[in-house]
Amino acid sequence: MTAGGTVILRHTKGGIDFNRNWAAYKAGFSGAGGSGDLWYGLQNLALDTYVNAGTNTYTLQVDLTAFDGQEYDARYANFKVASETYGYQLITSGFLGGSAGNALLSITDTAAKNMRFSTLDDDNDKDVHGHCAVRHEGGWWFNACSDSCLTCPMTPEGQPTA
(Lines give C-alpha, C1' and ligand atoms only; values in the text may rest on other atoms or scores of the structure.)
Protein backbone atom coordinates (compact mmCIF):
# COMPACT_ATOMS: atom_id res chain seq x y z
CA MET A 1 0.00 0.00 0.00
CA THR A 2 1.16 3.51 -0.75
CA ALA A 3 -0.66 6.82 -0.28
CA GLY A 4 -3.95 5.02 0.35
CA GLY A 5 -3.62 2.57 -2.51
CA THR A 6 -2.00 -0.61 -3.71
CA VAL A 7 0.88 -0.52 -6.17
CA ILE A 8 -0.07 -2.96 -8.91
CA LEU A 9 2.80 -2.25 -11.31
CA ARG A 10 6.22 -0.69 -11.00
CA HIS A 11 8.34 -0.80 -14.15
CA THR A 12 11.64 1.05 -14.23
CA LYS A 13 14.23 1.55 -16.93
CA GLY A 14 16.68 -1.32 -16.78
CA GLY A 15 14.53 -3.28 -14.32
CA ILE A 16 13.11 -6.78 -14.68
CA ASP A 17 11.84 -8.39 -17.87
CA PHE A 18 8.03 -8.26 -18.12
CA ASN A 19 7.88 -10.58 -21.15
CA ARG A 20 6.39 -13.46 -19.15
CA ASN A 21 3.80 -16.20 -19.43
CA TRP A 22 0.19 -16.37 -18.20
CA ALA A 23 1.10 -18.18 -14.97
CA ALA A 24 3.58 -15.45 -13.99
CA TYR A 25 1.13 -12.62 -14.68
CA LYS A 26 -1.62 -14.50 -12.82
CA ALA A 27 0.50 -15.03 -9.69
CA GLY A 28 2.44 -11.76 -9.75
CA PHE A 29 6.20 -11.26 -9.64
CA SER A 30 8.91 -8.90 -8.51
CA GLY A 31 12.56 -8.40 -9.23
CA ALA A 32 15.64 -9.08 -7.22
CA GLY A 33 18.51 -6.67 -7.17
CA GLY A 34 16.76 -3.58 -5.86
CA SER A 35 14.96 -2.30 -8.98
CA GLY A 36 11.66 -2.35 -7.09
CA ASP A 37 9.90 -3.58 -10.22
CA LEU A 38 6.77 -5.61 -9.59
CA TRP A 39 3.50 -6.92 -10.97
CA TYR A 40 0.82 -7.39 -8.29
CA GLY A 41 -0.81 -10.32 -10.06
CA LEU A 42 -3.99 -10.72 -12.09
CA GLN A 43 -5.50 -13.08 -9.53
CA ASN A 44 -4.88 -10.54 -6.75
CA LEU A 45 -6.37 -7.74 -8.86
CA ALA A 46 -9.46 -9.82 -9.61
CA LEU A 47 -9.92 -10.81 -5.97
CA ASP A 48 -9.47 -7.24 -4.71
CA THR A 49 -11.50 -5.36 -7.33
CA TYR A 50 -14.06 -7.85 -8.66
CA VAL A 51 -14.61 -11.06 -6.70
CA ASN A 52 -14.41 -9.73 -3.12
CA ALA A 53 -15.08 -6.05 -3.80
CA GLY A 54 -18.72 -5.99 -2.73
CA THR A 55 -19.99 -2.45 -3.21
CA ASN A 56 -16.49 -0.94 -3.06
CA THR A 57 -15.32 1.01 -6.08
CA TYR A 58 -11.73 1.70 -7.07
CA THR A 59 -9.92 4.39 -9.01
CA LEU A 60 -6.92 3.42 -11.09
CA GLN A 61 -4.17 6.01 -10.65
CA VAL A 62 -1.37 5.81 -13.22
CA ASP A 63 1.80 7.75 -12.37
CA LEU A 64 4.47 7.93 -15.05
CA THR A 65 7.94 9.44 -15.13
CA ALA A 66 9.40 10.05 -18.58
CA PHE A 67 13.06 9.50 -19.43
CA ASP A 68 13.61 13.27 -19.05
CA GLY A 69 12.16 13.22 -15.50
CA GLN A 70 8.84 14.86 -16.45
CA GLU A 71 5.96 13.39 -14.44
CA TYR A 72 2.51 12.53 -15.81
CA ASP A 73 -0.63 10.98 -14.38
CA ALA A 74 -3.99 9.57 -15.45
CA ARG A 75 -7.00 8.45 -13.40
CA TYR A 76 -9.78 6.01 -14.33
CA ALA A 77 -13.12 5.50 -12.55
CA ASN A 78 -14.61 2.23 -11.29
CA PHE A 79 -11.52 0.16 -12.06
CA LYS A 80 -11.97 -3.61 -11.93
CA VAL A 81 -10.24 -6.69 -13.25
CA ALA A 82 -12.63 -9.59 -13.85
CA SER A 83 -11.86 -13.16 -12.83
CA GLU A 84 -9.80 -15.61 -14.88
CA THR A 85 -13.02 -17.07 -16.31
CA TYR A 86 -13.31 -13.75 -18.19
CA GLY A 87 -9.62 -13.57 -19.10
CA TYR A 88 -8.92 -10.95 -16.41
CA GLN A 89 -10.87 -8.42 -18.46
CA LEU A 90 -10.10 -4.75 -17.76
CA ILE A 91 -13.23 -2.85 -16.67
CA THR A 92 -13.49 0.89 -16.11
CA SER A 93 -16.32 3.36 -16.49
CA GLY A 94 -14.16 6.14 -17.85
CA PHE A 95 -11.27 8.56 -17.80
CA LEU A 96 -11.26 11.05 -14.92
CA GLY A 97 -8.39 13.20 -16.17
CA GLY A 98 -4.67 13.67 -15.90
CA SER A 99 -1.67 15.10 -17.71
CA ALA A 100 -0.79 11.74 -19.36
CA GLY A 101 -4.00 11.77 -21.38
CA ASN A 102 -6.35 8.87 -21.98
CA ALA A 103 -4.23 6.16 -23.61
CA LEU A 104 -6.26 3.28 -22.15
CA LEU A 105 -9.59 4.32 -23.65
CA SER A 106 -8.95 6.98 -26.27
CA ILE A 107 -9.05 5.21 -29.64
CA THR A 108 -11.75 2.62 -30.28
CA ASP A 109 -9.72 -0.02 -32.10
CA THR A 110 -6.77 0.15 -29.68
CA ALA A 111 -8.60 0.86 -26.40
CA ALA A 112 -7.79 -1.50 -23.53
CA LYS A 113 -11.24 -1.12 -21.94
CA ASN A 114 -13.12 -4.44 -21.78
CA MET A 115 -10.15 -6.32 -23.22
CA ARG A 116 -8.90 -9.63 -21.87
CA PHE A 117 -5.29 -9.85 -20.75
CA SER A 118 -2.72 -11.26 -23.20
CA THR A 119 0.68 -12.78 -22.51
CA LEU A 120 3.34 -14.36 -24.71
CA ASP A 121 1.60 -17.75 -24.35
CA ASP A 122 -2.07 -16.65 -24.22
CA ASP A 123 -3.24 -14.42 -27.11
CA ASN A 124 -6.51 -12.64 -26.26
CA ASP A 125 -6.10 -9.52 -28.41
CA LYS A 126 -8.09 -8.65 -31.55
CA ASP A 127 -5.10 -8.15 -33.83
CA VAL A 128 -5.77 -10.32 -36.88
CA HIS A 129 -2.17 -9.90 -38.09
CA GLY A 130 -0.35 -11.29 -35.07
CA HIS A 131 0.06 -11.51 -31.34
CA CYS A 132 0.48 -8.16 -29.57
CA ALA A 133 2.08 -9.52 -26.37
CA VAL A 134 4.76 -11.27 -28.41
CA ARG A 135 5.30 -8.27 -30.71
CA HIS A 136 5.53 -5.76 -27.85
CA GLU A 137 7.33 -8.08 -25.39
CA GLY A 138 4.99 -7.68 -22.42
CA GLY A 139 1.62 -8.76 -21.10
CA TRP A 140 -1.26 -6.27 -21.35
CA TRP A 141 -4.91 -5.65 -22.13
CA PHE A 142 -4.22 -5.36 -25.86
CA ASN A 143 -6.93 -4.68 -28.41
CA ALA A 144 -5.56 -4.48 -31.95
CA CYS A 145 -2.39 -3.75 -30.28
CA SER A 146 -2.54 -0.65 -28.10
CA ASP A 147 -1.81 2.97 -27.41
CA SER A 148 -0.47 1.91 -24.04
CA CYS A 149 1.46 -1.01 -22.62
CA LEU A 150 3.01 -0.22 -19.28
CA THR A 151 4.76 -3.60 -19.05
CA CYS A 152 6.43 -3.34 -22.47
CA PRO A 153 10.02 -2.19 -23.02
CA MET A 154 10.07 1.45 -24.09
CA THR A 155 12.38 3.72 -26.06
CA PRO A 156 13.23 7.24 -24.85
CA GLU A 157 10.58 8.49 -27.32
CA GLY A 158 7.95 6.48 -25.44
CA GLN A 159 7.26 4.07 -28.26
CA PRO A 160 7.13 0.28 -28.01
CA THR A 161 10.39 -1.33 -29.06
CA ALA A 162 8.72 -3.63 -31.60
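Residues numbered from 1 in each chain as written. Predicted model: local features only at pLDDT ≥ 70, side-chain atom pairs only at ≥ 80, totals over all residues. Heavy atoms only, no water.

Q: How would you summarise the state of the cysteines if you had to cite specific residues and measurements?
A: Applying the stated rule across the entire model yields two disulfides. Here C132 is linked by a disulfide to C145, with a sulfur-sulfur distance of 2.2 Å. An S-S torsion of about -100 degrees defines the bridge between C132 and C145 as left-handed. Highlighted residues: C132 in helix α3 (residues 132-136) and C145 in the segment after α3, separated in sequence by 13 residues. Per residue, the accessibility class of C132 equals that of C145, and both read buried. Covalently, C149 is tied to C152 through a disulfide, its sulfur atoms 1.9 Å apart. Judged by the sign of its S-S torsion, about 75 degrees, the cystine formed by C149 and C152 is right-handed. (Disulfide = S-S within 2.5 Å. Helix = DSSP H or I, 4+ residues; strand = E, 2+ residues; numbered from the N terminus. Buried < 20%, exposed > 50% of the residue type's maximum accessible area, 1.4 Å probe, protein only.)

Q: Tell me about the side chain of S118, and name the residues and values.
A: Mapping S118 onto the fold places it in the loop between β8 (94-97) and α3. At 2.7 Å, the side chain of S118 and the backbone nitrogen of N124 are in polar contact. Apart from residues lying up to four places away in sequence, S118 is in contact with D123, N124, D125, A133, G138, G139, W140 and F142. (Polar contact = N/O pair within 3.5 Å; in protein donor to acceptor, adjacent residues only side chain to side chain. Contact = heavy atoms within 4.5 Å.)

Q: How would you summarise helix α2 (residues 42-51) if you had to cite specific residues and measurements?
A: Along α2, the residues that are buried comprise L42, L45, A46 and T49. The arc enclosing the buried residues of α2, seen along the axis, measures out at 100 degrees, which places them on a common side. On the buried face of α2, the contacting elements are α1 (22-27), β3 (38-39) and β6 (80-81). (Arc of directions from axis to C-beta.)

Q: An account of the pairing of strand β4 (residues 60-65) is needed here, citing residue identities and associated values.
A: Across six bridges, β4 lies against strand β5 (residues 71-77) in antiparallel orientation. Counted as the bridge partner of T65 is E71 from β5. Between β4 and β5, which pair antiparallel one after the other, the connecting turn spans five residues, and G69 there sits at a positive phi close to 90 degrees. (Pairing = 2+ DSSP bridges.)

Q: Break down the pattern of salt bridges for me, with residues and values.
A: This model, assessed by the stated rule, comprises three salt bridges. Residues E84 and K26 are paired through a salt bridge, measuring 2.8 Å at the closest nitrogen-oxygen approach. One end of the pair, E84, is in the loop between β6 and β7 (90-91); the other, K26, is in helix α1, with 58 residues separating them in the sequence. Residue classification places E84 among the partly exposed positions, given a relative accessible area of 31%. You can call K26 partly exposed: its relative accessible area is 29%. Here D127 ties to R135 by a salt bridge, and the two come within 2.4 Å at their closest N and O atoms. On the basis of relative accessibility, which here comes to 13%, the residue D127 falls in the buried class. Of the residues examined, R135 reaches a relative accessible area of 33% and is grouped as partly exposed. (Salt bridge = Lys/Arg side-chain N within 4 Å of Asp/Glu carboxyl O.)

Q: Which residues make up the sheet that holds β4, and what values go with them?
A: Read across the sheet, three strands follow the order β4-β5-β8 without closing on themselves; strand pairing throughout is antiparallel. Each end of this open sheet is capped by a strand with a single partner; those strands are β4 and β8. Sheet twist, expressed as the mean angle between neighbouring strand axes with direction ignored, is 30 degrees. (Axes fitted to C-alpha atoms, helices over the stretch in contact; angles between N-to-C directions.)

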